[in-house]
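What the coordinates show
These are the residues of each chain, in order.
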Amino acid sequence: MKIRALIILLLSFSIPVFSQIYPFSYFSVKNGLPNSMVNQTFQDSKGNIWFATQGGLDMFNGTIHKKFNKESGIVGINITSVTEDKNGAIWIGTSEGASKYEEGKFTNYTTANGLKSNFINHVMCDSKNQIWFSTNEAGIAVYNNGQFRHLNTQNGLTSDIVFSISESSDKKIWVATRRGGICVLKDDKVIAVYNPDN
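Let me sum up the structure you'll find in this document. (Residues numbered from 1 in each chain as written. Predicted model: local features only at pLDDT ≥ 70, side-chain atom pairs only at ≥ 80, totals over all residues. Heavy atoms only, no water.)

With that settled, the discussion passes to a positive patch on the surface. A surface patch of positive charge is lined by Lys-86, Lys-128, Lys-171 and Lys-186. In this structure, Lys-186 sits in strand 15 (residues 182–186). Judged by its relative accessible area of 31%, Lys-186 falls in the partly exposed class. (Patch = residues over 30% accessible without salt bridge, like charges linked within 9 Å, V, L, I, M, F, W, Y side chains within 5 Å. Areas by Shrake-Rupley, 256 points an atom, 1.4 Å probe, with all protein chains shown as cover. Salt bridge = Lys/Arg side-chain N within 4 Å of Asp/Glu carboxyl O. Lys, Arg positive; Asp, Glu negative; His and termini not counted. Charge placed at Lys NZ, Arg CZ, Asp CG, Glu CD. Helix = DSSP H or I, 4+ residues; strand = E, 2+ residues; numbered from the N terminus. Buried < 20%, exposed > 50% of the residue type's maximum accessible area, 1.4 Å probe, protein only.)

Here is the structure:
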């Protein structure tokens, strides 16, 4: 009897339970983006969010969207990748080459001035402030001190179609390729390959 009374007493007091509500913002062409196909998002050191879209580049500072396209000076509008170097310059990969955005101006890089392929899949800044470009048909281009050097199957890469590049804490460069697995580089030399065959 006492147990029944206790259960009835406990059930008569309801404790409100609230689920967490997450504030989401939705961005589309209607409220700021140049295109609804977004290839990458990137946050720079100033807190700006960059959207790499198939219709141009968008920078969102938390309040205002700023769009960049060919008329703004960027080399192409199909933006594939965005990163920042250690000096605060923004590097952009596109299907028509690469662009550097610094102090409100674009500097463009194509096959006309050093790249071996204009289709850039990914851009990465390493710990030495070198800019790495993975390309769709010519391996890797590395920009350092105003010059490009190139790494491809002739240098040991397993494929000239490179999707992305990253640097590990031990300063090795990890390269994701098409049908060639993962190549690991140290001082521009392939030191390991990981694929289903090994």
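With antiparallel pairing, 4 strands are arranged side by side in an open sheet as 13-14-15-16. A strand with exactly one partner marks an edge of an open sheet, and here the two such strands are strand 13 (162–167) and strand 16 (189–194). In this sheet, adjacent strand axes meet at a mean angle of 25° when their direction is disregarded. In this structure, strand 15 lies alongside strand 16, joined through 5 bridges in antiparallel fashion. By the bridge assignment for strand 16, Ile-182 is matched with Tyr-194. (Pairing = 2+ DSSP bridges. Axes fitted to C-alpha atoms, helices over the stretch in contact; angles between N-to-C directions.)

By the definition in use, this model includes 4 salt bridges. The residue Glu-102 makes a salt bridge to Lys-100 at a minimum N-O spacing of 3.3 Å. When its relative accessible area of 17% is taken as the criterion, Lys-100 is described as buried. Arg-149 serves as the salt-bridge partner of Asp-188, at 2.5 Å between the closest nitrogen and oxygen. Of the two residues, Asp-188 is situated in the loop between strand 15 and strand 16 and Arg-149 in strand 12 (residues 147–151); the sequence distance between them amounts to 39 residues. When its relative accessible area of 23% is taken as the criterion, Asp-188 is described as partly exposed. With a relative accessible area of 26%, Arg-149 lands in the partly exposed category.

The next point concerns the side chain of His-65. By the secondary structure assignment, His-65 is in strand 4 (residues 65–68). His-65 sits in the buried class, given a relative accessible area of 19%. A polar atom in the side chain of His-65 sits 2.7 Å from the side chain of Asp-58. (Polar contact = N/O pair within 3.5 Å; in protein donor to acceptor, adjacent residues only side chain to side chain.)

A complete count under the given rule lists 13 aromatic pairs for this structure. Between Trp-50 and Tyr-101, the aromatic rings sit 6.1 Å apart at their centres with planes inclined by 65°, giving edge-to-face as the arrangement. Linking Trp-50 in strand 2 (residues 49–53) with Tyr-101 in strand 7 (residues 97–102), this pair joins segments that are 51 residues apart in sequence. The pair Trp-50 / Tyr-101 is uniform in exposure class, with both members buried. Both rings, one in Phe-68 and one in Phe-106, keep their centres 5.6 Å apart while their planes meet at 80°; by these two values the pair is edge-to-face. Of the two residues, Phe-68 is situated in strand 4 and Phe-106 in strand 8 (residues 105–109); the sequence distance between them amounts to 38 residues. Phe-106 shares its class with Phe-68; the two are buried. Pairwise contacts between aromatic rings join Trp-91, Tyr-109, Phe-133, Tyr-143 and Phe-148 into one cluster. The aromatic ring of Trp-132 is capped on one face by Arg-149, whose charged end is 5.9 Å from the ring centroid. (Phe/Tyr/Trp six-rings, centres within 6.5 Å; stacked < 30°, edge-to-face > 60°. Lys NZ or Arg CZ within 6 Å of the ring centre and 35° of its normal.)

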